Amino acid sequence: ATGPAGPTGLTGATGPAGPTGLTGATGPAGPTGLTGATGPAGPTGLTGATGPAGPTGLTGATGPAGPTGLTGATGPAGPTGLTGATGPAGPAGPTGLTGATGPAGPTGLTGATGPAGPTWTLTAPTFNTSGNLTINATSGSGAPVSTTTAAWLTTGNSGTSAATNFVGTTNAVDFVTKTNNTEVMRATSAQRVGVGITTPTTKLEVSSGTGDAVYGHSSNVGGYLGYETNFAFGVTPQTINGAGVWAANPAAGYTSFYAQSTGSATVAANISYSNVWTATYNLVDNASATFNPSGLYSHLNNTSTTMGVGAFKNAIYGYSNRGTIAGNPGYTVGVNGIANSQNEDAIGVVGRAFCSSGFTLGGYFEGNTYPGLNSGYAFVGGNDGFGATKITGTGAVAEIVPTPNHGRVKLFCPEAPEYWYQDYGTVNLVDGFAHVALDPILAEIIVVNDENPIRVFATPVNMLYFEGVTIINRTSTGFDLVELNGGKHTGKLDYQLICKPKTNFGQGRFPQGRGPAWLKPEMEPAAAKAANQPKDIFYWPADHIQYNYNPEEMIPVGEIVPAGPNAGKFKLGNGKYSESFPVDNRSINRAD
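Okay, so let's go over this structure. Predicted, not measured: the structure shown is a model, and the values here were computed from it. (Residues numbered from 1 in each chain as written. Predicted model: local features only at pLDDT ≥ 70, side-chain atom pairs only at ≥ 80, totals over all residues. Heavy atoms only, no water.)

## Some details on the side chain of Asn 132
Filter applied, for reference: Think of it this way: any DSSP run of H or I at least four residues long counts as a helix, any run of E at least two long counts as a strand, and we number them from the N terminus. Here the term buried applies to any residue with accessible area under 20% of the maximum for its type, exposed to any over 50%, and partly exposed to those in between, with areas from a 1.4 Å probe on protein chains only. Pairs of N or O atoms are called polar contacts if they sit within 3.5 Å, as long as, within protein, a hydrogen donor faces a hydrogen acceptor (for residues adjacent in sequence, only side-chain-to-side-chain pairs). Throughout, a residue-residue contact means that at least one pair of heavy atoms, one from each residue, lies within 4.5 Å.
Position of Asn 132 among the secondary structure elements: in strand β2 (residues 132-135). For Asn 132, a relative accessible area of 15% gives the class buried. Here Thr 149 takes part through its backbone oxygen, which lies 3.3 Å from a polar atom of the side chain of Asn 132. In contact with Asn 132, not counting residues within four places along its chain, are Thr 126, Phe 127, Thr 147, Thr 148, Thr 149 and Ala 150.

## Quick notes on the sheet that holds strand β9 (residues 222-227)
Definition in use: We treat two strands as partners when DSSP finds at least two bridges between them. Comment: axis = line fitted to C-alpha atoms, over the contacting stretch for helices; angle = value between 0 and 180 degrees taken between N-to-C directions.
Judged by pairing direction, the sheet is antiparallel, and its three strands sit side by side in the order β8-β9-β12 without closing on themselves. For this open sheet the edge positions go to β8 (214-217) and β12 (243-248), each flanked by a neighbour on one side alone. Adjacent strand axes in the sheet meet at a mean angle of 10 degrees when their direction is disregarded. Strand direction decides the pairing type here: β8 and β9, joined by four bridges, are antiparallel. Each bridged residue has a counterpart across the sheet, and for His 217 the counterpart in β9 is Gly 222.

## A few points about the pairing of strand β17 (residues 407-412)
Here β17 lies mainly on the outside; zero of its six residues are buried. Taken together, the six bridges between strand β16 (residues 398-403) and β17 define a ladder with antiparallel strand orientation. From the neighbouring strand, Val 401 faces β17, where its bridge partner is Val 409. Where β16 folds back onto β17 in an antiparallel hairpin, the turn is made up of three residues.

## Digging into the sheet that holds strand β6 (residues 193-195)
The mixed open sheet is built from four strands, whose spatial order is β4-β5-β6-β7. At either end of the open sheet lies a strand with only one pairing partner, and these are β4 (175-179) and β7 (204-206). Mean inter-strand twist for the sheet, computed between neighbouring axes without regard to direction, equals 20 degrees. In terms of strand pairing, β4 meets strand β5 (residues 182-187) through five bridges, oriented antiparallel.

## Some points on the nonpolar core
Applied cut-off: By nonpolar core is meant a set of buried Ala, Val, Leu, Ile, Met, Phe, Trp, Tyr and Cys residues that side-chain atoms within 4.5 Å join together.
Membership of the largest hydrophobic core comes to 18 residues, with the highest contact counts inside it found for Val 427, Val 456, Phe 479, Leu 481, Leu 493, Tyr 495 and Leu 497. Elements with a contribution of two residues or more to this core: β18 (421-429), β19 (433-437), β23 (478-483) and β24 (491-501). If you tally residues by element for this core, the top one is β24, at four residues. Non-local contacts of Leu 481, meaning those with residues more than four positions away in its chain, are made with Val 427, Leu 429, Gly 432, Phe 433, Ala 434, Val 436, Val 456, Ala 458, Val 469, Thr 470, Ile 471 and Leu 493. One finds Val 557, Ile 560, Phe 570 and Ile 588 within the second-largest nonpolar core, a separate group that totals seven residues.

## Notes on the side chain of Arg 514
Stated formally: Positive charges come from Lys and Arg, negative ones from Asp and Glu, while His and the chain ends are left out of the count. Whenever a carboxyl oxygen of Asp or Glu lies within 4 Å of a side-chain nitrogen of Lys or Arg, that contact is scored as a salt bridge.
Tracing the backbone shows Arg 514 in the loop between β24 and α2 (543-546). For Arg 514, which is buried and forms no salt bridge, the nearest opposite charge comes from Glu 524, at a distance of 5.2 Å. Here Arg 514 is in contact with Phe 359, Tyr 377, Phe 379, Asp 384, Phe 386, Leu 519, Pro 521 and Glu 524, once residues within four sequence places are set aside.

## A look at a nonpolar patch on the surface
Worth spelling out the cut-off: The residues that make up patches have over 30% relative accessible area and no salt bridge, and they are joined within 9 Å when like-charged or within 5 Å when they are Val, Leu, Ile, Met, Phe, Trp or Tyr. Only the protein chains shown count as cover for residues, and the accessible areas themselves come from Shrake-Rupley with a 1.4 Å probe.
On the surface, a nonpolar cluster with roughly 280 Å² of combined accessible area is contributed by Leu 122, Ile 135 and Val 145. By the element assignment, Ile 135 lies in strand β2.

## Some remarks on the pattern of salt bridges
Note on pairing: side chains with opposite charge can pair once their charged atoms come close. Throughout the structure, instances matching the rule amount to six salt bridges. Lys 500 is the partner of Glu 418 in a salt bridge, and the nearest nitrogen-oxygen pair spans 2.6 Å. Residue Glu 418 is found in the loop between β17 and β18, and its partner Lys 500 is found in strand β24; the two are separated by 82 residues along the sequence. An identical accessibility class is assigned to Glu 418 and Lys 500; each is buried. Lys 569 serves as the salt-bridge partner of Glu 579, at 4.0 Å between the closest nitrogen and oxygen. Taken together, the residues Glu 579 in the segment after β26 (576-578) and Lys 569 in the loop between α2 and β25 (570-573) connect sequence positions 10 residues apart. For Glu 579, a relative accessible area of 59% translates into the label exposed. Through salt bridges with shared partners, a single ionic network connects Asp 174, Glu 183 and Arg 186.

## Here we look at the environment of Gly 478
By the element assignment, Gly 478 lies in strand β23. On the basis of relative accessible area, Gly 478 is assigned to the buried category, the value being 1%. Separated by 35 residues in the primary sequence, Gly 478 and Ala 443 have C-alpha atoms spaced 8.5 Å apart. Discounting chain neighbours no more than four positions away, the residues touching Gly 478 are His 435, Val 436, Ala 437, Leu 438 and Asn 473.

Listed below in structure tokens is the structure:
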């Protein structure tokens with residue numbers, strides 16, 4: 001057999017070098033090095049020879065005219081021309097002064113006396129009923145004699161003609177009436193009438209100084225134009241020094257003021273304007289125990305079936321305009337609702353909608369930058385067409401907490417692709433087993449089946465060598481927790497469970513969301529359409545159906561019926577309703 005190998009011998013001497021091998025292919029060029037510093041500038045070269053002259057350029061534009069030279073000396077006068085023909089005679093000059101009157105001639109002889117005329121007896125002149133002056137005398141006088149023009153009598157005239165008879169002037173002089181020698185009324189030559197003023201500027205102008213000007217009234221209602229009398233109003237009286245228009249309607253069934261725009265009118269029926277204080281001030285003092293009228297009622301009847309896709313048809317429109325004015329000292333507010341009550345429940349703003357289209361909301365809010373870029377919008381209290389929600393909108397849901405040591409901080413709600421309920425609890429694990437019974441209230445309002453099982457996340461408490469846990473026997477009333485690998489620990493398990501609510505069941509994952517309220521679904525761009533367009537969604541019965549009560553019995557007279565067959569109507573009394581707020585409170589069944 002071969003023996004073991006002996007030790008390795010010493011290394012022999014190095015042999016002579018072999019021939020040089022072929023040069024390998026040139027490798028790729030390396031990166032270009034940095035540009036070296038620029039060397040110093042060389043000396044300036046000699047000036048080259050002057051080149052040949054170029055062609056003559058075009059003649060430039062003529063410059064502006066120079067100043068006018070001095071006027072030359074006047075030359076000698078030429079010879080006098082021939083005398084022209086004599087022109088026509090001018091107009092006759094003014095007549096000279098009349099000469100002095102000559103001396104009077106002698107008085108002539110007195111003529112013979114004529115025969116005596118007849119003797120007449122005249123009666124006192126009288127006016128007939130037409131205003132003519134008549135003079136009567138005895139026979140032979142030619143009487144009676146009457147004037148051809150008539151006077152206006154203090155007891156009235158007969159036989160007048162409205163086309164020819166009048167009281168006034170026939171020249172451009174004002175016609176004035178007086179009492180006690182003091183002017184009362186004036187009809188001016190400009191065909192204007194003034195009462196208490198001599199220069200009226202309109203067809204009729206009444207100036208009362210510091211008294212009330214004009215009062216017009218019927219048996220039941222009346223009002224003033226130019227009301228100077230001070231008056232107060234309100235339970236806590238507010239005093240006004242007077243009013244341009246003041247009206248009162250103490251009788252039932254009458255209104256103090258009514259304005260109307262109809263037919264071809266193009267402007268609002270009533271306009272209030274002010275640049276010093278509020279344009280309109282409404283105050284209601286109400287002591288009724290059965291009916292509470294509002295301080296302001298606005299009603300829009302919209303009967304068009306085609307007008308304005310996406311248009312907001314507003315009964316009240318609040319618009320506060322600051323525009324592009326610089327500075328940010330406060331807040332520009334479109335609508336401000338305040339409820340002031342120390343003891344009674346109070347709500348600043350209430351919004352209610354009655355609609356069966358599938359899209360019905362109590363409120364909509366939107367915030368934009370000034371150019372109109374939408375930074376957030378939210379639907380509040382209703383159904384956006386894809387499920388009933390408290391709040392639906394862009395952005396996150398957040399809470400602000402005023403911490404004492406870290407400032408005012410914001411906390412955010414978790415969001416999910418679909419709707420879930422969460423619950424938390426602690427259960428005792430005994431020998432590796434625990435049963436959790438669902439809260440019966442929770443069990444009643446959730447859906448549990450193979451497609452929607454209960455999800456459970458459990459955490460052992462102070463069990464360092466716990467083997468882990470699994471969930472078994474999931475039912476609509478509870479589930480079991482079992483320790484893995486046959487573990488037999490005893491101790492506490494904290495758990496979180498997540499389950500599918502009945503509310504909005506059928507929405508699925510990532511259901512369609514609505515755009516801003518002014519964007520109707522049929523106008524939505526295709527890119528905004530989600531794949532999930534839920535149709536069959538579960539909704540709980542309305543509150544009054546679920547708990548079997550009549551909403552009409554729960555509200556006072558004068559309120560909107562919130563639900564039921566008369567929803568959206570005003571309650572005027574038991575079994576009595578109206579589509580609009582009554583203009584006359586006699587329409588209401590009142591106990592007072």
